[in-house]
Amino acid sequence: MSVDGLGTAATETETDEPGWEVDPDDDWALAVVATVGRQLRLRREAVGMRAADFAVAAGYGEDLVYKVESGKRIPRPEYLDTADALLDAGGLISAMKEDVKRVRYPKKVRDLAKMEARAVELQLYDPLNIHGLLQTPEYARGLLLMRRPAYSAEEVDQFIAARVARKVIFERDPAPELSFVLEEWTLRRPLGGRANLRGQLQHLLEVARLRNVELQVMPMDREEHAGIAGGIEVLKFEDGTAVGRSPAVTNGRPVTEPRQLRILELRYGIIRAQSLTPRESAALIDQLLGET
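Quick caveat: nothing in here was measured; it's all calculated off a predicted structure.

### So, the layout of surface pockets
- Roughly 1,100 Å³ of volume is contained in the largest pocket.
- Along its surface, the largest pocket is lined by 35 residues, and Leu 112, Arg 163, Arg 166, Glu 233 and Arg 245 are the ones closest to its centre.
- Top element by residues in the lining of the largest pocket is helix H7 (residues 107-118). It accounts for five residues.
- Its residues assigned to classes, the lining of the largest pocket shows 18 nonpolar, nine polar and eight charged.
- Approximately 410 Å³ is the volume attributed to the second largest pocket.
- What lines the second largest pocket is a set of 17 residues, and nearest its centre among them are Arg 102, Tyr 105, Ala 113, Ala 165 and Val 168.
- Elements with a minimum of two residues in the lining of the second largest pocket: helix H6 (97-103), H7 and helix H9 (153-166).

Structure (structure tokens):
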């Protein structure tokens, strides 16, 4: 059995533990998971099934059942679907997947996703990697597996799920204006293998064709570069407010003060001017795809 596409055999522990740990500092997630767990236990007891019998019927470890029902573990969607069928819940347990979906990602990711969902314009520059909103799941996995000390298989799975969830921003209507600046070298390094890179480059070309997306590449041969101080994120909202973030300003903490935002927008504007145009960038990506 494989673990979500990692391609490695799952251990017995991994098979028994299909879920995510709850962040002890995330009060909202703790409350939601505790409520879901309590409902699962009450339903199981209502049909007269012991936890051990449920575990055998569901194909999970008894320890996992107790962790889920005590609110110590976030159940995966398939766990809830299995429970719904075994406990003859008529869809009531499966319906809880929507509640669980909101808390299965780290709090900081949820907070970021909320801001992205409100934004009408996003300006995004990452000097080290292809931006997370643009990453394919396969490329993201290869990137996350590079981390040292290594993430656990569960952490990799959770981070990928969080990045995929944020991609709903491309499906919004009305769509926000999205501007990305990518470094050429990030488009050349085959992290996770050349097949992953090919898929990633193909995805970038697809995204670049969207009417609300401006995708530009900063060439490696540029002698001037305004982005040497680090990445930049600026999110603008319909009410005229904005929030920005950069390692070069307040150590990466979000900023809303007009003067600091002007600095970020000035740097981002210069970076865009120094980069290839969207048309030139798409041509370069297409060329790199042919070379990969």
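### Looking at the side chain of Gln 135
- Structurally, Gln 135 can be placed in the loop between strand S3 (119-126) and helix H8 (137-144).
- You can call Gln 135 buried: its relative accessible area is 4%.
- Apart from the residues lying within four places of it in its own chain, the contact partners of Gln 135 are Asn 129, Ile 130, Ala 140, Leu 143, Arg 163, Lys 167 and Gln 200.

### Some words on the packing of helix H3 (residues 51-58) against helix H5 (residues 77-86)
- One way to put it is that H3 packs onto H5 with a least axis distance of 10 Å and a crossing angle of 115°. One finds that H3 runs roughly perpendicular with respect to H5. Considering how the two elements wind past one another, H3 and H5 form a crossing that is right-handed. On H5, the residues touching Phe 54, Ala 57 and Ala 58 of H3 are Tyr 79, Thr 82, Ala 83 and Leu 86.
- Of the residues in the contact of H3 with H5, the class split is six nonpolar, one polar and no charged.

### Quick notes on unusual backbone geometry
- Here the bond from Arg 148 into Pro 149 is cis, since omega is -5°, no more than 30 degrees from zero.
- Relative to the assigned elements, Pro 149 resides in the loop between H8 and H9.
- Note that the residue after Asp 173, namely Pro 174, is joined by a cis bond; omega there is 5°.
- Its identity as a non-glycine residue notwithstanding, Asp 88 has a phi of 50°, on the positive side.

### A few points about helix H10 (residues 194-208)
- Its 15 residues place the ends of H10 21 Å apart at the C-alpha level, agreeing with the 21 Å of an ideal helix rising 1.5 Å per residue.
- What H10 keeps buried is the set Asn 196, Leu 197, Gln 200, Leu 201, Leu 204, Leu 205 and Val 207.
- If you follow the buried residues of H10, they end up packed against H8, strand S4 (177-183), strand S5 (213-218) and helix H12 (278-291).

### Describing the pairing of S4
- For S4, the tally of buried residues reaches six of seven residues, placing the bulk of the element in the interior.
- Across six bridges, S3 lies against S4 in parallel orientation. Bridging across to S4, Tyr 125 finds its partner in Val 181.
- Viewed along the sheet, the connection from S4 through H10 into S5 turns out right-handed.

### Concerning the confidence of the model for the protein chain
- With 93% of its residues at a pLDDT of 70 or more, the protein chain shows a mean pLDDT of 89.
- The low-confidence segment residues 1-18 (pLDDT under 50) makes 30 contacts with residues lying over four places distant or belonging to another chain.

The rules we used
Residues numbered from 1 in each chain as written. Predicted model: local features only at pLDDT ≥ 70, side-chain atom pairs only at ≥ 80, totals over all residues. Heavy atoms only, no water. 1 Å grid on protein atoms, 1.4 Å probe; cavity = no way out; pocket = protein on both sides within 12 Å on 5 of 7 lines; lining within 4 Å. Points joined across faces, edges and corners; volume = space filled by probe spheres on them. Helix = DSSP H or I, 4+ residues; strand = E, 2+ residues; numbered from the N terminus. Nonpolar A, V, L, I, M, F, W, Y, C, P; charged D, E, K, R; others polar. Buried < 20%, exposed > 50% of the residue type's maximum accessible area, 1.4 Å probe, protein only. Contact = heavy atoms within 4.5 Å. Axes fitted to C-alpha atoms, helices over the stretch in contact; angles between N-to-C directions. Parallel < 35°, antiparallel > 145°, perpendicular 65-115°, else oblique. Left-handed = near helix turned anticlockwise from the far one by under 90°. Expected span 1.5 Å × (residues − 1). Pairing = 2+ DSSP bridges. Right-handed = clockwise from strand over helix to strand, strands pointing away. pLDDT = per-residue confidence, 0-100.

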